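Each chain is listed here by its residues.
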Amino acid sequence: MLHKSLKAFPDEFLWGASTSAYQVEGAALSHGKGPSVQDVKEPPAGTSGFEVAADQYHRFKEDVALMAEMGFKTYRFSISWARLLPEGTGRVNEEGVQYYDDLIDECLKYDIQPLVTMYHFDLPAALDEQGGWGNRATADAFVEFSHLMFSCYGDRVKYWLTINEQNMMTLAAEHVLGLDFSKLENPNKYVYEMNHNMLLAQAKAMVLCHEMLPGAKIGPAPNIALVYPDSNKPEDILAAQNMNALRNWLYLDMAVYGIYNHVVWSWLEEQDALPTNIEPGDLAIMKAAKPDFIAFNYYSTATAAMPSAEDETESGDQQSGSTVLGFAKGVANPNLPRTQFGWEIDPVGFRNTLREVYSRYHLPIIITENGLGAYDKLEQDESGNDVVHDPYRIDYLRAHIEQMRLAISDGVEMMGYCPWSAVDLISTHEGFVKRYGFIFVNREEFDLLDLRRVRKDSFFWYKKVIASKGTDLA
Ligand code: BGP
């Protein structure tokens, strides 16, 4: 559908960008911080650990000043659970409390609204040792952690995100949570019991937020990718519906309506994998918890086909979800170009996804991740100044912002856009050399060099986009 005239981005639109604590901060095992699951696991071959990352812990003032220079209205960062509570519960690390106090104040100094992710892949290792999300006590620990964050920062933080990409942790539990499926009798049952504990933790945190901070807004932050059918065969449509339910709607149906998605529920039942840890009262809490908005991360769409009997069951990758016999399998989409790292690029799919999410839930949407990872190169211009030319990133972001504006013109209520990432940081599993930032960080995978910050071409471009309220995308 073409629009004769496009609607504008709202005046109060939250333009910004994102990071997460373990990927950007460094100081991973110092300043009183306890280890998280990220710190204790072996980094993938050829990639560095998280000890220094982009060193934002020591350079946040410089980073926030650069964000202010770009005109950010918001900065999405996460609070490291193990920095506040080194053992996951109990003892508070005051130095950690102070760090986020200072970071929040620094943002507010420039009128940048902190958008805080409460948990982004970095469960305290101490909780993991006690069973992690498989242990219901972890949900209580999350409530304790939430209470601490709301008490310390609720006077200044208006926007909260509960759990980053819970759906990816569940769908790719072997990779993201490091679960060893070979040791589990019924992996799906175990994984969806963990998932239930996380959903419960999220619901309790939303209720607590509204009780403690009546002026604040809170929402979930899954990774949402609309799933296309591989063909117009009815079976493929069914497969796409199945994958959409499993990958996307399970999480949002629960966050918004407090109900378990029926397609996923019957699929779990079929495999004798229904969670048996649901206690009386859980579903009432989940129904009582109401998000104020939906945040989601979008990188691309996914595509599904109905698997044949020959297809082997295999666990999914980060973008496409799992292959499940008789249910759905993720397949490549030959119509889409790919990034240097093989990720499909689908800006129109962004509009499709926004429209679908809005139609289902009718809540304002903020995009908490979107972006392109690439091997950027630091160069010097004729005058010897540092430059980083990243036209591919500008192209990617421009195309997505154009589609977001079309979605707004379609009637989708949008409240903000935070690409990944504000600053270069360590990828989940592909190291520092897979860069996403507007701000280049001068380090190599293992050689830390001087970690100096350099404005990429995309930095100047995004500054213009924000200043023009999304109208000048040239
Ligand atoms: C999302 C995560 C981020 C992030 C991003 C890019 O799934 O929320 O933490 O890193 O993807 O992924 P990657 O780092 O694997 O390139």
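Rules of the game
- Starting afresh in each chain, residues are numbered from 1 along the sequence in its written order.
- Totals for whole chains, interfaces and linings use all residues, but because this is a predicted model, local features are given only for residues with pLDDT of at least 70 and pairs of side-chain atoms are given and counted only at 80 or more.
- Processing note: side-chain calculations cover all non-hydrogen atoms of the structure and skip hydrogens and water entirely.
- Axis definition: a line fitted to C-alpha atoms, limited for helices to the stretch in contact. Angles are taken between N-to-C directions and run from 0 to 180 degrees.
- Secondary structure counts use DSSP, requiring at least four H or I residues in a row for a helix and at least two E residues in a row for a strand, with both numbered from the N terminus.
- Crossing chirality is assigned from the near helix's rotation relative to the far helix, an anticlockwise turn below a right angle marking it left-handed and a clockwise turn marking it right-handed.
- By definition, residues are in contact when any of their heavy atoms lie within 4.5 Å.
- Amino acid classes used here: Ala, Val, Leu, Ile, Met, Phe, Trp, Tyr, Cys and Pro are nonpolar; Asp, Glu, Lys and Arg are charged; the rest, including Gly, are polar.
- Distances are taken per atom, and a residue is near a molecule or strand as soon as one of its heavy atoms is within 4 Å of it.
- We call two N or O atoms a polar contact when they sit within 3.5 Å, provided that within protein one can donate a hydrogen and the other can accept it, with sequence-adjacent residues counted only if both atoms are side-chain atoms.
- Here, Shrake-Rupley sampling with a 1.4 Å probe gives the accessible areas, and only protein chains in the shown set may cover a residue.
- Note on classification: 1.4 Å probe, protein chains only; a residue is buried when its accessible area is under 20% of the maximum for its type, exposed when over 50%, partly exposed between these limits.
- The directions from the helix axis to the C-beta atoms are what the arc is built from.
- The length a helix should cover is 1.5 Å for every residue beyond the first.
- Just to be clear on terms, a salt bridge is a Lys or Arg side-chain nitrogen sitting within 4 Å of an Asp or Glu carboxyl oxygen.

Peer 1: For the packing of helix 10 (residues 187-212) against helix 11 (residues 234-257), give the residues involved together with the corresponding values.
Peer 2: Helix-helix packing is described using two parameters, namely the angle between the two axes and the distance between the axes. Put simply, helix 10 and helix 11 touch, their axes get as near as 10 Å, and they point 35° apart. Regarding helix 10 and helix 11, the two cross each other, and that crossing is right-handed. Facing helix 10, whose interface residues are Tyr192, Asn195, Leu199, Gln202 and Met206, helix 11 presents Leu246, Leu250, Tyr251, Met254 and Ala255. Looking at the contact of helix 10 with helix 11 residue by residue, the classes come out as 8 nonpolar, 2 polar and no charged.

Peer 1: Just give me the short version of the site of the ligand, but keep the residues and values in it.
Peer 2: Contacts to the ligand come from 16 residues, most closely from Gln23, Glu165, Thr428, Lys434 and Tyr436. One nitrogen or oxygen atom from the side chain of His120 is found 2.8 Å from an oxygen atom belonging to the ligand. In the model, an oxygen atom of the ligand is placed 2.6 Å from a nitrogen or oxygen of the Lys434 side chain. Within the complex, the protein chains bury 100% of what would otherwise be the 380 Å² of accessible surface of the ligand.

Peer 1: Tell me about helix 16 (residues 457-467), and name the residues and values.
Peer 2: Where helix 16 is concerned, the buried positions are Ser458, Phe459, Trp461, Tyr462, Val465 and Ile466. Viewed along the axis of helix 16, the buried residues span an arc of 165°, placing them on a single side of the element. Close packing links the buried residues of helix 16 with strand 1 (14-18), helix 3 (56-70), helix 15 (391-409), strand 15 (414-417), strand 16 (439-441) and strand 17 (453-455). Among the residues trailing helix 16, Lys469 stands out with phi positive, at a value near 55°.

Peer 1: How would you explain the environment of Ser231 if you had to name every residue and give the values?
Peer 2: Inspection of the secondary structure assignment puts Ser231 in the loop between strand 6 (227-229) and helix 11. We classify Ser231 as partly exposed; its relative accessible area is 25%. In the structure, Ser231 is positioned 172 residues away from Gln403 in sequence and 24 Å away in space, judged by C-alpha atoms. Here Ser231 is in contact with Asp236 and Ile237, once residues within four sequence places are set aside. Reaching out from Ser231, the side chain makes a polar contact with the backbone nitrogen of Lys233 at a distance of 2.9 Å. Within the structure, the side chain of Ser231 is placed 2.6 Å from the side chain of Asp236, a separation counted as a polar contact.

Peer 1: Give a detailed account of helix 15, specifying residues and quantitative values.
Peer 2: Between its first and last C-alpha atoms helix 15 spans 27 Å; for 19 residues at 1.5 Å apiece the expected length is 27 Å, and the two agree. Following helix 15 by one or two positions, Gly411 has its phi on the positive side, about 105°.

Peer 1: Describe the pattern of salt bridges, listing the residues and the values that go with them.
Peer 2: Side-chain pairs of opposite charge can arise where the charged atoms are in close proximity. Evaluation of the coordinates by the stated rule reveals 32 salt bridges. Linking Asp376 and Lys456 is a salt bridge whose minimum nitrogen-to-oxygen distance equals 2.5 Å. Taken together, the positions of Asp376 in the loop between strand 12 (365-369) and strand 13 (379-380) and Lys456 in the loop between strand 17 and helix 16 put the pair 80 residues apart, joining distant regions of the chain. Among the salt bridges present, the one from Asp424 reaches Arg435, with a minimum N-O distance of 2.6 Å. Highlighted residues: Asp424 in the loop between strand 15 and strand 16 and Arg435 in the loop between strand 15 and strand 16, separated in sequence by 11 residues. For Asp424, a relative accessible area of 0% translates into the label buried. A cluster of three or more residues bridged by salt bridges with shared partners is formed by Asp376, Asp390, Arg393, Asp424, Arg435 and Lys456.

Purely spatial values, then, with no claim about function.
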